[in-house]
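# Remarks on the overall topology
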Amino acid sequence: MHTPSPGGGRDGRSPRWARVAPPAAGAVLVGAVHLVLASKLAAPIIMADEYGYLGAARRIVGDAPQTHTPYHAGVALLYVPAALIGDGPLGVYRAALATNAVLATLLFLAAWWVAALFAPLRPTRVRLAAACTVGLYTSFVGYSGLAAPEVAFAALVLALVGVFACAVRSERVHGWAVAGVGCAAAWLLHPRGAAVIGAGVLVGVLALRPYSRHGWKI
């Protein structure tokens, strides 16, 4: 029979609630800050881009004419729920900003996860401070006031840092498959995703070293 340690679980670790509470509280805080600040905006600022993304989302749900905008479809897909629940163009816009606040929580959680991969950032307080710093970084807070891909793109790229780090350390193929899907998703969000794909290919080549079979040295 296992005897739990004082204040801990049966294996001596902290109880589950103590491990879940810091990231949960941090995610709620970050999302709330983004939502409150974005709520001050009355209309899109960068009209051509924001109207294009929102119009594409409304087009997907059959609530708008064809926009003929050359944007990648990823952001429009993220804003489909906003297009479904929003009441008219302004309602869709406000729902899109709420979506950005949710994406900001994912950015925080990605930072929380990645911080655990580096020993100096693993203590809970340091890890929480690092993740909050990322989630509340001035540029990201500002970008969450735009119906645009920036917050989603940042969250995805940061998560990919963790995915690639785990894939490099593991001998399983699953991590590389997830990394490939993530890189494709980055391109679906924005043309900048091409650079993410290129970086992912470079990491894969250096980590898997297929060139070593041919006697090459890098």
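Refer to the structure printed above.
Residues numbered from 1 in each chain as written. Predicted model: local features only at pLDDT ≥ 70, side-chain atom pairs only at ≥ 80, totals over all residues. Heavy atoms only, no water.

### Side note on the packing of aromatic side chains
Definition in use: In this scheme Phe, Tyr and Trp rings, the latter by its six-membered ring, pair at centre separations within 6.5 Å, and the angle between planes marks the pair as stacked below 30 degrees, edge-to-face above 60, and tilted otherwise. Each residue's exposure class comes from its accessible area (1.4 Å probe, protein chains only) as a fraction of the maximum for that residue type: buried when under 20%, exposed when over 50%, partly exposed otherwise. A run of H or I in DSSP becomes a helix once it reaches four residues, and a run of E becomes a strand once it reaches two; helices and strands are each numbered from the N terminus. Sitting over a ring, as applied to charges here, requires NZ of Lys or CZ of Arg to be within 6 Å of the ring centre and within 35 degrees of the ring normal.
Inspection of every chain in the model, using the stated rule, returns three aromatic pairs. Arranged with centres 5.4 Å apart and planes meeting at 65 degrees, the rings of tyrosine 137 and phenylalanine 140 form a pair that is edge-to-face. Overall, the relative accessible area of 46% leaves tyrosine 137 in the partly exposed class. Its relative accessible area of 19% is what places phenylalanine 140 among the buried residues. Ring geometry for phenylalanine 164 versus tryptophan 176: centroids 5.9 Å apart, planes at 75 degrees, classification edge-to-face. Here phenylalanine 164 is found in helix H8 (residues 150-169), whereas its partner tryptophan 176 is found in helix H9 (residues 174-189), with 12 residues between them in sequence. Using a relative accessible area of 17% as the deciding quantity, one classes tryptophan 176 as buried. Directly above the aromatic system of phenylalanine 153 lies the positively charged group of arginine 192, at a separation of 5.1 Å from the ring centroid.

### Section: the environment of alanine 101
As a reminder, the rule being used: The criterion used for residue contact is that any of the two residues' heavy atoms lie within 4.5 Å.
Position of alanine 101 among the secondary structure elements: in helix H5 (residues 88-115). In this structure, the C-alpha to C-alpha distance between alanine 101 and alanine 27, residues 74 residues apart in sequence, is 9.9 Å. Residues within four places of alanine 101 in sequence aside, it is in contact with Gly31, His34 and Leu35.

### Quick notes on the pattern of salt bridges
Where we set the bar: A pairing counts as a salt bridge when a side-chain nitrogen of Lys or Arg comes within 4 Å of a carboxyl oxygen of Asp or Glu.
All told, the structure shown has one salt bridge when counted by the stated rule. Close ionic contact of arginine 192 with glutamate 150 constitutes a salt bridge, the shortest N to O distance being 3.6 Å. Taken together, the residues span a long stretch of sequence, with arginine 192 in the loop between H9 and helix H10 (193-208) and glutamate 150 in helix H8 at a distance of 42 residues. Look at arginine 192 and you get partly exposed, because its relative accessible area is 36%. For glutamate 150, a relative accessible area of 18% translates into the label buried.

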